[in-house]
Amino acid sequence: MSSSRPISLMRFLIEEQRAHQHINADLRLLIEVVARACKTIAIAVGKGDLGGVLGEAGSGNVQGEAQQKLDVLSNEILLEANAWGGHLAGCASEEMDDPHPIPDVYPKGNYLLLFDPLDGSSNIDVNISVGTIFSVLRCPDGVTEPRAEHYCQPGTAQVAAGYAVYGPSTLLVLTLGHGTHVFTLDRELGSFMLTRRDLQIPAQTREFAVNMSNQRHWEEPMQRYVGDLLAGKEGPRGKDYNMRWVASMVADVHRILTRGGIFLYPWDRKDPGKPGKLRLMYEANPMAFIVEQAGGRATTGRERILELAPTALHQRVPVFLGSRDEVDAATRYHREHDAAGA
Ligand code: AFP
């Protein structure tokens, strides 16, 4: 930063565009439009009951989950904001079965935007942090009407990813593939201001985040790994661990980005047909990109998330992400277990 006062998201993007080749005018516009949509969602979330936005919408999404009013509203805000700018070839949302085309009346651009419009929606009605997660891909050359298979690109192909967290303050965390940066919404100015450049996750941690109520359904290496964390100082890991679980991925990941930790959503036997709970394209890939750009790691317990070849738009995967050494340790438990059984 050239002065001690924080710079705006717009200035940050313009300076990135000047300094590097990794951002052009269309990508800059896309990020600004998504940020503006997140501000609109933040206002709706902030009104809560006064805005009549709490409670169920009375519909279900493609995942078979009951939609909250704010899921539906946030989805509409993002679709509407991104329709007319000419920067997108199409959008895909966790809340919609199929990709959403850009209306014919508007010009089309070269990017694909994927989003989870309101992550952690079970927390809306109890006034706990929720968020929006997004991922940006290039539309393959020559494709003017992108279909699901055109979105199914590995996480390494992402050109940008980010999330907004609607908490005590509204934050936007962004990567364009050159570090992870945090912007705080200045509510008086109505602008996101750069408050942390090049965030780095501590490599080691004493904190883990997992839904322990699923423990009896986990597979053996996961049982062993968490068992060793719980054994504390007297166990093989040699230190006491603390546990936190918000059940909004944005909030749990943001805590981990800020002070270290490991986030775990493993495969479990509760619903053995499902390869995990979290969605690869809307949650795992963007968060893995953000975490790796902050010096952390993200795996399925076995493989690097960003290298997975997606097979479906709404695919689910196990997720282990956060502090580098801890994710490496958890991944080692799984790989050693597989190697022993091979
Ligand atoms: P919802 O957005 O459907 O509430 O799901 C949130 C989420 O996908 C993710 O944000 C949390 O980490 C995880 O689910 C919470 O899962 P549990 O309900 O098992 O705690």
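These numbers come from a predicted model, not from an experiment.

Q: Help me understand the site of the ligand, please; the structure alone is not making it clear to me.
A: As a matter of local geometry, the ligand sits amid 15 residues, with Asp119, Gly120, Asn211, Met249 and Tyr265 nearest to it. Within the side chain of arginine 279, a nitrogen or oxygen atom sits 3.4 Å from an oxygen atom of the ligand. Separating an oxygen atom of the ligand from a side-chain N or O atom of glutamate 283 is a distance of 3.2 Å. Burial of the ligand by the protein chains amounts to 85% of its free accessible area of 490 Å². Judged by its atoms lying within 2 Å of the grid points, the ligand is housed in the largest pocket. Among the secondary structure elements, those contributing two or more residues to the shell around the ligand are strand 13 (262–265) and strand 14 (278–279). Taken together, the residues of the shell around the ligand sort by class into six nonpolar, five polar and four charged.

Q: Please explain the environment of aspartate 125 as it appears in this structure.
A: Positionally, aspartate 125 belongs in the loop between strand 5 (111–119) and strand 6 (130–138). The exposure class assigned to aspartate 125 is partly exposed, which follows from its relative accessible area of 41%. The spacing of aspartate 125 and glutamate 16 is 109 residues in sequence and 38 Å in space, taken between C-alpha atoms. Once you skip the residues sitting within four places of it in the chain, aspartate 125 turns out to touch Leu54, Gly55 and Gln68. At a separation of 3.1 Å, a polar atom in the side chain of aspartate 125 contacts the main-chain amide nitrogen of glycine 55.

Q: Got a minute to help me understand the pairing of strand 6 in this structure?
A: Here is the key point about a regular strand: its side chains alternate between the two faces of the sheet. For strand 6, the buried fraction is high: eight of the nine residues fall into the buried class. Taken together, the seven bridges between strand 5 and strand 6 define a ladder with antiparallel strand orientation. Note on strand 6: the bridge partner recorded for leucine 113 is valine 136. Strand direction decides the pairing type here: strand 6 and strand 7 (residues 160–166), joined by seven bridges, are antiparallel.

Q: Just to check I follow, could you spell out the pattern of salt bridges for this structure?
A: Between side chains of opposite charge, a pair can form as their charged atoms come close. Summed over the entire model, instances satisfying the criterion amount to 18 salt bridges. Between aspartate 104 and lysine 108 there is a salt bridge; the shortest N-O distance is 3.8 Å. The shortest N-O distance in the salt bridge between arginine 302 and glutamate 219 comes to 3.0 Å. Placement of the pair is arginine 302 in the loop between strand 15 (297–299) and strand 16 (316–317) and glutamate 219 in the loop between strand 11 (207–209) and helix 5 (220–230), with a sequence separation of 83 residues. By relative accessible area, arginine 302 is classed as partly exposed at 24%. Exposure remark for glutamate 219: the relative accessible area of 14% places this residue in the buried category. Each member of the salt-bridge network shares a partner with another, and the members are Glu207, Asp252, Arg255 and Arg259.

Rules and cut-offs
Residues numbered from 1 in each chain as written. Predicted model: local features only at pLDDT ≥ 70, side-chain atom pairs only at ≥ 80, totals over all residues. Heavy atoms only, no water. Near = heavy atom within 4 Å. Polar contact = N/O pair within 3.5 Å; in protein donor to acceptor, adjacent residues only side chain to side chain. Areas by Shrake-Rupley, 256 points an atom, 1.4 Å probe, with all protein chains shown as cover. 1 Å grid on protein atoms, 1.4 Å probe; cavity = no way out; pocket = protein on both sides within 12 Å on 5 of 7 lines; lining within 4 Å. Sits in = over half its atoms within 2 Å of the grid points. Helix = DSSP H or I, 4+ residues; strand = E, 2+ residues; numbered from the N terminus. Nonpolar A, V, L, I, M, F, W, Y, C, P; charged D, E, K, R; others polar. Buried < 20%, exposed > 50% of the residue type's maximum accessible area, 1.4 Å probe, protein only. Contact = heavy atoms within 4.5 Å. Pairing = 2+ DSSP bridges. Salt bridge = Lys/Arg side-chain N within 4 Å of Asp/Glu carboxyl O.

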